[in-house]
2 protein chains.
Amino acid sequence: MPDPDDVSPTLHRRLREAILSLDLAPGERLSERGLEPEFRASRTPIRAALMRLASEGLVRRDDRGWRVAPIDLDEIRGLYEFREILETASARLACDRATPEDLEALAELAGSTAADETPEHSIDSGTSFHLELARLSGNAFLISAMEGVLTRLYRTRWVEVQSAESRERAHREHTAIAEALLAADADGAELATLSHLRGTGERLITSLGESRQRLRASGLSLG
Amino acid sequence: MPDPDDVSPTLHRRLREAILSLDLAPGERLSERGLEPEFRASRTPIRAALMRLASEGLVRRDDRGWRVAPIDLDEIRGLYEFREILETASARLACDRATPEDLEALAELAGSTAADETPEHSIDSGTSFHLELARLSGNAFLISAMEGVLTRLYRTRWVEVQSAESRERAHREHTAIAEALLAADADGAELATLSHLRGTGERLITSLGESRQRLRASGLSLG
DNA sequence: GATACCATAGTGGTATACCAATCAGCCCAT
DNA sequence: ATGGGCTGATTGGTATACCACTATGGTATC
């Protein structure tokens, strides 16, 4: 997912991408010195990047040392509950504040999900849709909180877009949200958002639970 | 203002307290080396503390350097809007999840506000009440977001508790929230929370606007 | 053979030296 | 008197050396 700030491949950004791409595995232990050769930097900036990543929830301090944040089912549940709060509120605020042009652009984003055939593009356009919805709320703290949520959820993306059917469903539901907003129907937009999140979240958690079983059986783990 | 983590007077905590107590003025420029003598530490830990404070919104990066986050009226407005979202949701969740004992403890906190005569204690108990309400939601992200909001708002506390009358009003409204929760009245609790925040926020912003006028007239500023 | 102890290597935490960029102030030239 | 250019001080950014602590593994002793 795009880092709103850094445009040049900063160390923070590179580490972040390594984690989000699962190149650094969830739960993996990291040592500051151990990262030096891979990322061609000295401890000080690596340490700074790790601290920043910790504040984004992608990395945690262990007893002594760091580890990539594990993918925790309870945390995902909490994130989706939190996200419901943020995103339904965003929908209401966007309904009040967004201009018709903004909403057209949002509908465009919703529409673009369908055209893409690749799961990767579906992920990105899905993320963009939800982020844009938050932006239309006009509240900087809401936006920032949504960014945090989406970042923390990003590593689970591979399960959401597995089937063409679920990509199609996301497209339908995003479109429904955008259309309710275009119709200035705040209640409808809130409801559409809520049901989209409820369904998506439930399927994600179920799917993750099953994957966890499978992985455990094969000796792997999610952290 | 209590730091949930650090119990020993860490550097981060000391810097944080210096900012929250307005000992370091809003908008004041800070230099890493310049803080060394005052805080008896070298650049590395000071830098780390500044980065952490930046992620809490108490400090910002300037073009070159750091500055204590100014007190910005628009930001306060945004914070209160965000807080409405978080806290009404907290009330609803708490209504579902909190045990009667939890709610009794919350009512106790609400009650303790009145007994205190000093503005200082009124601040602390008020903060505790709102933080406890968030805790009863049982959602870690909601709690953490509320902590962030309260931290960012903390420096404006001196205006909220100026008059005995406003302290009394806070007491009444907190009690009303706690009682609605005890009655398992989710709608009532949400409404009581909303009206408490609306009123408090509005008065705060008005008051800050006037203070800003007065300060500007006297040559000072809030950053 | 089991256990207790010690040496060692690896950890994050801190202090510090060096770097490039920048901003301010002063001096000199016009 | 004024404008231009240079110099020095100060900034954050980085690299690195040193510290205390701990966990571990091997060895020596019982």
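Here the structure is shown first, and the text comes after it.
These notes cover the structure that comes with them. These numbers were taken from a predicted model, which means no experiment stands behind them. (Residues numbered from 1 in each chain as written. Chains lettered and ligands numbered in written order. Predicted model: local features only at pLDDT ≥ 70, side-chain atom pairs only at ≥ 80, totals over all residues. Heavy atoms only, no water.)

### Examining the overall build of chain A
Inference 1: Within chain A, the regular secondary structure consists of 10 helices and three strands.
Inference 2: Written out in order from the N terminus, the α and β elements of chain A read α-β-α-α-β-β-α-α-α-α-α-α-α.
Inference 3: For 223 residues, the compact-globule formula gives about 17 Å, and the C-alpha radius of gyration of chain A, at 18 Å, lands near that figure.
Inference 4: Each principal axis of the C-alpha atoms in chain A carries an extent, and together these give about 55 × 40 × 30 Å.
Inference 5: Taken across its 223 residues, chain A has 50% of its residues classed as buried.
Inference 6: Contacts spanning at least 24 positions in sequence make up 72% of the contacts within chain A whose residues lie at least 6 apart.
Inference 7: Summing over all exposed atoms, chain A offers an accessible surface of approximately 10,800 Å²; the carbon and sulfur share of this is 50%.
Inference 8: Within chain A, one finds 29 positive and 39 negative side-chain charges whose respective centroids are separated by 10 Å. (Helix = DSSP H or I, 4+ residues; strand = E, 2+ residues; numbered from the N terminus. Rg over C-alpha atoms; globule rule 2.2 N^0.38 Å. Buried < 20%, exposed > 50% of the residue type's maximum accessible area, 1.4 Å probe, protein only. Contact = heavy atoms within 4.5 Å. Areas by Shrake-Rupley, 256 points an atom, 1.4 Å probe, with all protein chains shown as cover. Lys, Arg positive; Asp, Glu negative; His and termini not counted. Charge placed at Lys NZ, Arg CZ, Asp CG, Glu CD.)

### Quick notes on the environment of T44(B)
Residue and element names in this part refer to chain B.
Inference 1: With respect to the helices and strands, the residue T44 is situated in helix α3 (residues 43-55).
Inference 2: According to the relative accessible area criterion, T44 is exposed, its value standing at 52%.
Inference 3: Sequence separation between T44 and W66 is 22 residues; the distance between their C-alpha atoms is 15 Å.

### Digging into the packing of helix α4 (residues 73-97) of chain B against helix α6 (residues 119-135) of chain B
Residues and elements named next belong to chain B.
Inference 1: Between α4 and α6, the least distance of the axes is 8 Å, while the angle of their chain directions is 60°. Overall, the two elements α4 and α6 adopt an arrangement that is oblique. Once α4 is placed against α6, the crossing between them reads as left-handed. On α6, the residues touching R83, E87, S90, A91 and A94 of α4 are H130, L133 and A134.
Inference 2: Looking at side-chain class alone, the contact of α4 with α6 contains four nonpolar, two polar and two charged residues. (Axes fitted to C-alpha atoms, helices over the stretch in contact; angles between N-to-C directions. Parallel < 35°, antiparallel > 145°, perpendicular 65-115°, else oblique. Left-handed = near helix turned anticlockwise from the far one by under 90°. Nonpolar A, V, L, I, M, F, W, Y, C, P; charged D, E, K, R; others polar.)

### Some details on the protein's contact with DNA strand C
Inference 1: Near DNA strand C lie 15 residues; those nearest to it are R43(A), R47(A), S42(B), T44(B) and R64(B).
Inference 2: At the protein interface, 59% of the atoms of DNA strand C within 4 Å belong to sugar or phosphate.
Inference 3: Between DNA strand C and R64(B), the relevant distance is 2.5 Å, taken from a phosphate oxygen to a side-chain nitrogen or oxygen of the residue.
Inference 4: Of all the secondary-structure elements, those providing two or more residues to the surface near DNA strand C are α2 (32-39) and α3 (43-55) of chain A together with α3 of chain B.
Inference 5: Broken down by element, the surface near DNA strand C gets its largest block of residues, three residues, from α3(B).
Inference 6: Class assignment of the residues belonging to the surface near DNA strand C gives a composition of four nonpolar, four polar and seven charged. (Near = heavy atom within 4 Å. Polar contact = N/O pair within 3.5 Å; in protein donor to acceptor, adjacent residues only side chain to side chain.)

### Side note on the sheet that holds strand β3 (residues 66-68) of chain B
Residue and element names in this part refer to chain B.
Inference 1: If you trace the three strands from one edge of the open sheet to the other, you get β1-β3-β2, paired in antiparallel fashion. Because the sheet does not close on itself, it has two edges, and the strands there are β1 (29-30) and β2 (59-61).
Inference 2: Looking at chain direction, β1 and β3 are connected through two bridges and run antiparallel. Bridge pairing in β3 places L30 opposite W66. (Pairing = 2+ DSSP bridges.)

### Regarding the protein's contact with DNA strand D
Inference 1: In the vicinity of DNA strand D lie 16 residues, with S42(A), T44(A), R33(B), R43(B) and R47(B) positioned nearest.
Inference 2: Within the backbone of L30(B), a nitrogen or oxygen atom sits 3.4 Å from a phosphate oxygen of DNA strand D.
Inference 3: Within the side chain of R43(B), an N or O atom sits 2.7 Å from a base oxygen of DNA strand D.
Inference 4: Among the elements of the structure, α3 of chain A together with α2 (32-39) and α3 of chain B are those that each provide at least two residues to the surface near DNA strand D.
Inference 5: For the surface near DNA strand D, the element with the highest residue contribution is α3(A), accounting for three residues.
Inference 6: In terms of residue class, the surface near DNA strand D is built from four nonpolar, four polar and eight charged.

### As for the packing of aromatic side chains
Think of a pair of aromatic rings as described by two things: how far the centres are apart, and how the planes are tilted against each other in angle.
Inference 1: Scanning the model with the defined rule gives two aromatic pairs over all chains in all.
Inference 2: Seen in terms of ring centroids, F82(A) and F141(B) are 6.3 Å apart; in terms of plane orientation they differ by 20°. Their pairing is stacked. With F82(A) in helix α4 (residues 73-97) and F141(B) in helix α7 (residues 140-153), the pair connects residues from two separate chains.
Inference 3: Under the relative-accessibility criterion, F141(B) is labelled buried at 16%.
Inference 4: Above the face of the W66(A) ring, R61(A) is positioned so that its terminal group lies 3.9 Å from the ring centre. (Phe/Tyr/Trp six-rings, centres within 6.5 Å; stacked < 30°, edge-to-face > 60°. Lys NZ or Arg CZ within 6 Å of the ring centre and 35° of its normal.)

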